[in-house]
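In case you want the letters, here they are:
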Amino acid sequence: MDNPDLIFNENQLNKKKSAGSYILNPKKEGKLSLWIDSQARTLFIFPAVFLILVFSVFPLVSSLLISFTRIRPRMGGYQIRWVGFKNYEKLFFGSEQDHLIGTIEGGMSVLGGIVLLIVIMLMVWWLYLCIKNKVKILGILGRFITAISLIAFTYVFSDTLLSGRQFGTLPMTLIYVVFGCSIQFLIGTGLAYICTLPVQGRPFFRTLFFIPITITPVGIAYQWRMLADMSKGPIAPIWEWLGLAEFAWGSDAWAARTMIMISDAWMWIPFIFVVMLAALETVPKDLTEAAEVDGAGKWLIFRDIIIPQIAPVAGTVLLIRWIEGFKLVDLPQVLTHGGPGISTETMTMHSWTQWRTLDFAGSSAVAYILLFVSVVICVSFFNLVIRNFSKRQLS
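Conventions and cut-offs
Residues numbered from 1 in each chain as written. Predicted model: local features only at pLDDT ≥ 70, side-chain atom pairs only at ≥ 80, totals over all residues. Heavy atoms only, no water. Pairing = 2+ DSSP bridges. Helix = DSSP H or I, 4+ residues; strand = E, 2+ residues; numbered from the N terminus. Buried < 20%, exposed > 50% of the residue type's maximum accessible area, 1.4 Å probe, protein only. Lys, Arg positive; Asp, Glu negative; His and termini not counted. Salt bridge = Lys/Arg side-chain N within 4 Å of Asp/Glu carboxyl O. Contact = heavy atoms within 4.5 Å. Patch = residues over 30% accessible without salt bridge, like charges linked within 9 Å, V, L, I, M, F, W, Y side chains within 5 Å. Areas by Shrake-Rupley, 256 points an atom, 1.4 Å probe, with all protein chains shown as cover. Charge placed at Lys NZ, Arg CZ, Asp CG, Glu CD. Phe/Tyr/Trp six-rings, centres within 6.5 Å; stacked < 30°, edge-to-face > 60°. Lys NZ or Arg CZ within 6 Å of the ring centre and 35° of its normal. Core = buried A, V, L, I, M, F, W, Y, C linked by side-chain atoms within 4.5 Å. Axes fitted to C-alpha atoms, helices over the stretch in contact; angles between N-to-C directions. Parallel < 35°, antiparallel > 145°, perpendicular 65-115°, else oblique. Left-handed = near helix turned anticlockwise from the far one by under 90°. Nonpolar A, V, L, I, M, F, W, Y, C, P; charged D, E, K, R; others polar. Arc of directions from axis to C-beta. 1 Å grid on protein atoms, 1.4 Å probe; cavity = no way out; pocket = protein on both sides within 12 Å on 5 of 7 lines; lining within 4 Å. Points joined across faces, edges and corners; volume = space filled by probe spheres on them.

1. Concerning the pairing of strand 1 (residues 69–74)
Inference 1: When strand 1 meets strand 2 (residues 77–82), the two strands line up antiparallel, connected through six bridges. Paired with R72 across the strands is Q79, a residue of strand 2.

What follows is the structure, given as structure tokens:
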């Protein structure tokens, strides 16, 4: 027998509808609740997926399509013409080659030729060992891309820097990332290790080393621009006492690059310091104390016990720092405006400069070259260093 509470009088229902009150059918309401429960995960994740599609995937795909076109501003809009790979051809082999890669004229120096030959032999031997050890096809393909990319980077450096010629934004970016960020990692890890030792004033130094991470990059750039002023800066008397008052570091390529790397290091060493300090403090004291009882010195303890314990964190921190290093644009823009010439310009700044000159297609092409370079380097580092070390630890 039907439940009388669930029987609706048609007249009463019409009256309530006319009054603006609606009653849902309990059966339909139950089905709706069940559907919401079954689709809850999809409904909750949909806003995040939608934002990623709108603000990440769509710009990524659209900028890729733009890099294969040529866009010219016209009255009332733009003229878009499909040109294929001509933007990339111009960057690697055409009029923009000096800007992106550097002066490639042939006639490589002896030192550059030797370095390139050594790298080629090492990569061939490495690929041979991978094939011999029966690495999977996908792994061989990834290692082949890594080897070819490393040989290409070495060729660029050998034919420009090691041959006494000007190099472009691609080699400069690699110098900032691989060399500059690695130096920062060593300094940050060293400071973190010192703060784990029983020395006086550790809380003060921990706070002091953390301060630069709270300042914006543009603020740090202007700060170092004032500090590096040889004639009117706050430490100008020290420069004068050192005999550097008349030295214009902004007109010397390597001095300007060094100043940018020092500013970048001052900004990012605190981040490395904080993370590595946390990693070092998680090392079990029992292991280090047992090693001390056995007569091991500080260096042996650090090399054989501490480094294996913190290696996964260290690799991750270095990887994050490299990814951030590829986006460097604010420091060279404020300190040197990319000068002298283009000697301190990064690929991110190169893309931004192209965009400011309304060369949107060329800017997108530079950005995608940067994306390829950063992905190859970071994925290779993760697979060949971090992942292999984790496998060894588990085994």
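2. Regarding the side chain of R143
Inference 1: By secondary structure assignment, the location of R143 is in helix 7 (residues 137–159).
Inference 2: Buried charge R143 goes without a salt bridge, the closest partner of opposite sign being D304 at 24 Å.
Inference 3: Beyond its immediate stretch of four places on either side in the chain, R143 contacts W126, L127, C130, V135 and L384.

3. Some points on a positive patch on the surface
Inference 1: Judged by side-chain charge, R72, R74, R81 and K86 come together as a positively charged surface patch.
Inference 2: Along the chain, the position of R81 falls in strand 2.
Inference 3: Taking the relative accessible area as the measure of exposure, R81 reaches 46% and is therefore partly exposed.

4. Regarding the packing of aromatic side chains
Inference 1: Evaluation of the coordinates by the stated rule reveals 13 aromatic pairs.
Inference 2: For the ring pair W322 and F381, a centre distance of 4.9 Å and an interplane angle of 50 degrees mean the geometry is tilted. In this pair, W322 is assigned in helix 14 (residues 298–325) and F381 in helix 17 (residues 360–394), connecting sequence segments 59 residues apart. For the pair W322 and F381, a shared accessibility class is recorded, and that class is buried.
Inference 3: Each residue in the set F68, W82, F85 and Y88 is aromatic and connected to the rest through ring pairs, giving one cluster.
Inference 4: The side chain of R257 reaches across the aromatic face of W254, ending 4.5 Å from its centre.

5. Let's talk about the nonpolar core
Inference 1: Counting residues in hydrophobic clusters, the biggest one holds 69 residues, and the most contacted among them are L174, W249, M276, I306, F326 and V373.
Inference 2: At the level of elements, helix 4 (86–93), helix 7, helix 8 (169–196), helix 10 (217–227), helix 12 (253–281), helix 14, helix 15 (330–335) and helix 17 are the ones that each hand at least two residues to this core.
Inference 3: Counting residues per element, this core draws most heavily on helix 12, at 14 residues.
Inference 4: Apart from the residues lying within four places of it in its own chain, the contact partners of W249 are A228, M230, A255, A256, M259, L335 and T336.

6. As for the packing of helix 10 against helix 12
Inference 1: Where helix 10 meets helix 12, the axes come as close as 10 Å, and the angle between the chain directions of the two elements is 130 degrees. With respect to their mutual orientation, helix 10 and helix 12 come out oblique. Our pair here, helix 10 against helix 12, has a crossing hand that is right-handed. In this structure, helix 10 contributes P217, I220, Q223 and W224 to the contact, and helix 12 contributes M259, I262, S263, W266 and M267.
Inference 2: By residue class, the composition of the contact of helix 10 with helix 12 is seven nonpolar, two polar and no charged.

7. Description of helix 10
Inference 1: Looking only at helix 10, the buried set comprises I220, A221 and W224. End-on view of helix 10: buried residues confined to an arc of 100 degrees, all on one side of the axis.
Inference 2: Against helix 12 and helix 15 lie the buried residues of helix 10.

8. Topic: the pattern of salt bridges
Inference 1: Throughout the structure, instances matching the rule amount to five salt bridges.
Inference 2: Of the charged contacts in the structure, one is a salt bridge between D264 and R321, with a shortest N-O distance of 2.6 Å. Remark: R321 occurs in helix 14 and D264 occurs in helix 12; sequence separation between them is 57 residues.
Inference 3: The exposure class assigned to R321 is buried, which follows from its relative accessible area of 1%.
Inference 4: With a shortest N-O distance of 3.2 Å, K327 and E324 are connected by a salt bridge.
Inference 5: Classification of E324 by relative accessible area gives partly exposed; the value is 30%.

9. Examining empty space enclosed by the protein
Inference 1: Scanning the model with the defined rule gives one cavity of 30 Å³ or more in all.
Inference 2: If you add up the space inside the largest cavity, you get close to 40 Å³.
Inference 3: Secondary structure elements with two or more residues in the lining of the largest cavity: helix 8 and helix 12.
Inference 4: Broken down by element, the lining of the largest cavity gets its largest block of residues, three residues, from helix 8.

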